[in-house]
Amino acid sequence: MESNNIRKSFLEYFQKNDHKVLSSSPLIPHNDPSLLFTNSGMVQFKNQFTGKENANFPRIATAQKCIRAGGKHNDLENVGYTARHHTFFEMLGNFSFGDYFKEKAIFYAWNYLTKELQVNKDRLYITVYHEDEEAFALWKKITGFHDAKIIKIRTADNFWSMGDFGPCGPCSEIFYDHGEKYVGGLPGTEDADGDRYIEIWNLVFMQFEKLTTGEQINLPKPSIDTGMGLERISAVMQGVNNNYDTDAFQVLIKASMEVSGNDRDITSHRVIADHISSSCFLLADGVLPCNEGRGYVLRRIMRRAMRHIHNIGYNGLMLHKVAIYLIESMKNAYPELSDARELITSTLKMEEEKFKETLSTGMKYLKQEINHIASGGVFDGKKAFKLYDTYGFPIDLTADILKEKNISLDQKEFENAMEEQKARARAAWAGSGESQTASIWFDVYQKFGATEFIRKDVVDFSAKIVAIVKDGNSVASVTAGDKVVIVTDQTCFYAESGGQVGDKGVIGCNEVYDTKLFVGHIHGHLTILNEDISVGDEVKMGVNSVIKNKTRANHSATHLLHYALRYVLGKHVVQRGSLVNDEKLRFDFTHNAALSLEELCQVELMVNGIITSNQSVQTNLMNIEKAKNMGAMALFGEKYEEDVRVISMGDSIELCGGTHVSATGDIGYFIIVSEESIAAGIRRIEAYTGKQAVVFSRNKTNRVEEVLKLLRCSEADISANIKGLQYNIKELQKNNEQYKVEALLSKLQEHKVSGVSVLSLRLQEKKIDLKSLYDSLRKNYQNSIIVVMNIDEINSKIGLLIGITKDLAQKYNAKLMIEQCFDIIGGKGGGNAEVAQASGMKIENIDDVLKAVENCI
């Protein structure tokens with residue numbers, strides 16, 4: 001039975017049993033910022049389980065896409081090497097929120113496995129928590145199993161909790177016996193980690209609540225949370241033990257083999273198959289490769305796949321080709337893959353091209369570092385880690401290259417650096433960067449509802465304090481000096497949202513340094529108190545109008561910038577993020593190339609043209625479908641209500657909840673200050689408006705005038721003058737190098753051996769590139785063998801180079817000659833027939849080098 005059919009069968013089975021089938025939630029959790037990625041089926045229902053939100057449906061079933069590749073759940077390094085470790089997987093689950101409990105959960109699971117899928121019940125085993133006699137009795141009744149087939153487990157493996165406190169309860173797991181040919185014991189035994197008995201389904205009976213006091217009480221509405229790995233049940237249904245042997249993986253593994261022309265190296269093909277799945281699904285959900293947070297994890301996954309592509313000897317771009325197979329095989333279950341096909345393939349292609357460049361750069365760095373290490377030396381583990389982490393250079397490739405040079409790797413130092421990086425990563429991956437939504441805000445919302453946001457500028461604004469939150473707790477009153485979050489029944493303060501920062505100002509004589517949006521559109525005023533306040537107080541509120549007006553101007557300018565970019569570059573340009581405050585605007589957008597000076601100029605002129613036309617800014621509230629039909633741009637990743645605010649500035653029409661100027665002329669002036677790439681296919685523009693733009697423009701002009709004075713030329717001649725200076729510098733450097741070579745040539749000694757000219761040069765330079773020096777020397781000589789020796793007496797090192805001019809290359813071999821010198825100098829090296837290099841420590845034997853060379857003639 002194919003994986004797609006199992007998924008379909010599971011959802012249809014629970015739909016027939018009165019479950020609402022919901023789509024998989026995105027891989028970026030929207031209700032739990034403490035998580036890096038969605039890693040289980042229950043994540044999207046977490047607030048329903050805790051009681052913070054009411055469940056819309058009492059019974060639900062899902063097929064949830066999951067990622068485990070960072071932080072606590074990090075399977076990355078094991079992927080491909082074991083039978084069941086994956087970064088991407090699917091979790092089939094059925095959930096009950098206060099509806100059915102243990103008996104029906106057990107019945108549904110047993111009935112689905114043995115009746116719908118017709119799994120051989122003799123191969124099934126059950127585990128229960130050792131104190132859960134109710135579950136034990138129900139399993140016995142429903143399955144007819146004898147006691148030995150229902151195993152009581154005493155460890156926490158069979159007791160689930162959401163955290164240190166909150167909902168919790170015993171688990172019951174279903175295991176499948178893959179047969180005697182596999183090693184491993186029954187669950188609960190010492191050798192339970194083998195491949196014979198494999199857990200396929202976990203039923204969590206959420207029946208208790210653990211209090212902060214440590215007490216455990218019964219939940220008023222016990223719930224059910226189950227999870228069955230699609231990959232594991234597919235292995236059962238397809239008669240295989242290894243998940244990578246199932247049909248879904250085999251499609252990708254065979255594609256990897258076909259594209260690469262390599263049908264061996266199965267581990268590498270498994271890694272590529274798993275990682276292409278993660279990469280495609282993350283890209284489809286809006287994660288883009290970068291150097292921090294989720295994007296950093298995505299890039300690591302991609303580069304690990306690329307390193308394995310390198311390992312199997314494929315030199316072309318491969319990931320985007322294999323991605324097509326993944327998209328085609330999964331598009332019916334997950335249509336977002338088809339929608340993002342172009343983004344997925346282009347991003348993978350660009351990342352792989354970039355990786356090849358970094359691999360080349362890493363090779364150069366490695367060679368430079370090796371040049372300073374004698375044969376038999378040790379390569380710094382920290383530098384090896386830099387190669388791995390910065391350049392994406394595989395550690396095994398580093399080790400192989402060092403082995404060829406008779407240099408060992410400080411593996412312990414590398415591992416220490418890796419652990420330090422993992423510690424930093426765990427801290428960075430703790431969540432999405434926001435604080436986890438505390439339950440206190442759900443309580444505030446239930447009591448007082450959303451804050452009424454008054455968008456008009458009100459000089460004398462009054463409101464009533466309905467809640468004060470200090471250190472995560474709701475309090476009745478606070479005193480001067482405290483840092484608190486004040487919630488009022490209404491506010492004129494805009495709360496941070498959509499990239500626009502929150503308003504600053506005052507509540508009474510207390511400083512509001514930020515305004516944040518909490519659960520249910522609560523505007524929380526982050527305040528430093530200068531006076532005592534209490535819940536119920538009537539207060540005067542005032543927004544800092546100077547900061548607000550500058551922020552408004554920058555926000556409105558982002559709309560105009562978005563419009564201008566789409567006009568100049570094309571309709572593929574879509575906003576992918578923004579930051580708007582009173583100092584600047586930052587705008588991220590999709591585009592595959594750096595903007596030319598001409599394009600930047602066009603964008604600036606268009607934006608300033610709309611500004612100087614002083615068009616009025618129109619705001620309308622309408623149904624979202626009507627807004628889209630009139631051409632309003634909906635921003636990537638935003639979730640909109642049925643009724644939306646539409647902001648129109650001439651031809652620029654966007655959905656937006658932020659604050660804006662009344663007319664475009666209020667923006668004043670717009671200037672782009674930087675444009676750069678921040679991820680594959682994503683560019684970033686930073687710009688200033690108003691007075692900030694004028695100051696920036698004036699400073700730039702001042703710098704140009706200073707350069708003109710130094711160059712003593714007109715503005716039109718700046719480029720020509722600088723190019724002339726650059727040419728002169730290059731010529732001087734070239735002449736300087738020539739003088740150096742001529743000086744060294746004067747030290748060159750020559751004598752004949754069997755009619756062959758042997759040229760020797762003995763140096764004592766701290767730093768010198770022997771190969772570059774040799775290239776300069778050999779241009780002036782024929783029928784010669786050139787021996788260059790450099791002695792570093794301080795560090796007791798000797799560098800040696802032997803070169804053969806081309807007319808003698810068929811007769812003599814530089815590599816064989818230098819090998820005769822290894823024991824003499826106490827080192828090793830390598831090269832080819834025409835030129836070879838070595839380094840060693842026995843500088844006292846320098847005179848014997850020439851004798852060894854002469855003996856080879």
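Residues numbered from 1 in each chain as written. Predicted model: local features only at pLDDT ≥ 70, side-chain atom pairs only at ≥ 80, totals over all residues. Heavy atoms only, no water.

## A short note on the UniProt feature "coiled-coil region" (unreviewed entry) in the protein
When the UniProt feature table is mapped onto this chain, "coiled-coil region" (unreviewed entry) is found at residues 715–749. Taken end to end, residues 715–749 is 80% helix and 3% strand, and its first and last C-alpha atoms sit 55 Å apart. (UniProt positions renumbered as here; feature names shortened; annotations may be inferred. Helix = DSSP H or I, 4+ residues; strand = E, 2+ residues; numbered from the N terminus.)

## With respect to the packing of aromatic side chains
One pass over the full model with this rule turns up 27 aromatic pairs. Ring geometry for Tyr-13 and Tyr-108: centres 6.5 Å apart, planes at 85°, overall edge-to-face. With Tyr-13 in helix H1 (residues 3–16) and Tyr-108 in helix H3 (residues 102–116), this pair connects stretches of sequence that are 95 residues apart. Of the two residues, Tyr-13 and Tyr-108, both sit in the buried class. Geometrically, the ring pair formed by Phe-14 and Tyr-108 is edge-to-face, given 5.9 Å between the ring centres and 75° between the ring planes. Residue Phe-14 is found in helix H1, and its partner Tyr-108 is found in helix H3; the two are separated by 94 residues along the sequence. Per residue, the accessibility class of Phe-14 equals that of Tyr-108, and both read buried. In this structure an aromatic cluster arises from ring pairing among Phe-10, Tyr-13, Phe-14, Tyr-100, Phe-107, Tyr-108, Tyr-112 and Trp-201. Across from the ring centre of Phe-145, 4.7 Å away, lies the NZ or CZ of Lys-149, which sits over that ring. (Phe/Tyr/Trp six-rings, centres within 6.5 Å; stacked < 30°, edge-to-face > 60°. Buried < 20%, exposed > 50% of the residue type's maximum accessible area, 1.4 Å probe, protein only. Lys NZ or Arg CZ within 6 Å of the ring centre and 35° of its normal.)

## Quick notes on helix H6 (residues 247–260)
In a regular helix each residue adds 1.5 Å, so 14 residues correspond to 20 Å; H6 covers 20 Å between its end C-alpha atoms and thus fits that length. Listed in full, the buried residues belonging to H6 are Phe-249, Leu-252, Ile-253, Ala-255, Ser-256, Val-259 and Ser-260. Looking straight down H6, one finds that the buried residues subtend no more than 160° of arc, so they occupy a single side. Those residues of H6 that are exposed and angled more than 90 degrees off the buried face are Lys-254 and Glu-258. Those residues of H6 that are buried are in contact with helix H5 (230–237), helix H7 (266–284) and helix H9 (319–330). Downstream of H6 by one or two residues, Gly-261 has phi in the positive range, about 75°. (Expected span 1.5 Å × (residues − 1). Arc of directions from axis to C-beta. Contact = heavy atoms within 4.5 Å.)

## A few points about the UniProt feature "binding site: Zn(2+)" (unreviewed entry) in the protein
Taking the numbering used here, the UniProt-annotated feature "binding site: Zn(2+)" (unreviewed entry) corresponds to His-555, His-559, Cys-656 and His-660. Spanning 106 residues, the named residues form one tight spatial group whose C-alpha atoms are at most 10.2 Å apart. Counting through the fold element by element, His-555 comes out in helix H16 (residues 545–569). If near-sequence neighbours (up to four positions away) are discounted, His-555 is found in contact with Gln-500, Val-580, Cys-656, Gly-658, Thr-659 and His-660. In this structure, His-660 sits in the loop between strand E29 (652–655) and strand E30 (670–679). In this structure the side chain of His-660 is engaged in a polar contact, spanning 3.0 Å, whose partner is the side chain of Ser-556. (Polar contact = N/O pair within 3.5 Å; in protein donor to acceptor, adjacent residues only side chain to side chain.)

## Observations regarding the environment of Lys-254
Its place among the elements puts Lys-254 in helix H6. With a relative accessible area of 54%, Lys-254 lands in the exposed category. Along the backbone, Lys-254 and Val-322 are 68 residues apart, and their C-alpha atoms lie at a distance of 9.4 Å.

## Things to note about the packing of H1 against H5
Packing of H1 against H5 brings their axes to within 10 Å, and their N-to-C directions diverge by 110°. The angle between H1 and H5 falls in the class roughly perpendicular. Between H1 and H5 the crossing geometry is right-handed. Contacts from Ser-3, Ile-6 and Arg-7 of H1 reach H5 at Leu-230, Ile-233, Ser-234 and Met-237. When grouped by side-chain class, the residues that make up the contact of H1 with H5 number four nonpolar, two polar and one charged. (Axes fitted to C-alpha atoms, helices over the stretch in contact; angles between N-to-C directions. Parallel < 35°, antiparallel > 145°, perpendicular 65-115°, else oblique. Left-handed = near helix turned anticlockwise from the far one by under 90°. Nonpolar A, V, L, I, M, F, W, Y, C, P; charged D, E, K, R; others polar.)

## Observations regarding the sheet that holds strand E33 (residues 756–763)
Sheet strands pair by backbone hydrogen bonding; their relative direction is either parallel or antiparallel. Judged by pairing direction, the sheet is mixed, and its six strands sit side by side in the order E32-E33-E34-E35-E37-E36 without closing on themselves. Among the strands making up the open sheet, the edge pair consists of strand E32 (749–753) and strand E36 (827–831). Averaged over neighbouring strand pairs, the angle between their axes works out to 15° when direction is ignored. In this sheet, E33 lies alongside E32 in antiparallel orientation, the contact comprising five bridges. (Pairing = 2+ DSSP bridges.)

## A look at the pattern of salt bridges
Evaluated as defined, the whole model comprises 35 salt bridges. In this structure, the salt-bridge partner of Lys-102 is Asp-132, at a minimum N-O distance of 2.8 Å. One end of the pair, Lys-102, is in helix H3; the other, Asp-132, is in the loop between strand E6 (124–129) and helix H4 (133–143), with 30 residues separating them in the sequence. Put simply, Asp-847 and Arg-762 hold a salt bridge, and the shortest N to O gap is 2.8 Å. Residue Asp-847 is located in helix H24 (residues 847–855), and its partner Arg-762 is located in strand E33; the two are separated by 85 residues in the primary sequence. Residue class for Arg-762 comes out partly exposed when judged on its relative accessible area of 42%. Overlapping salt bridges bring together Lys-65, Asp-285 and Glu-336 as one network. (Salt bridge = Lys/Arg side-chain N within 4 Å of Asp/Glu carboxyl O.)

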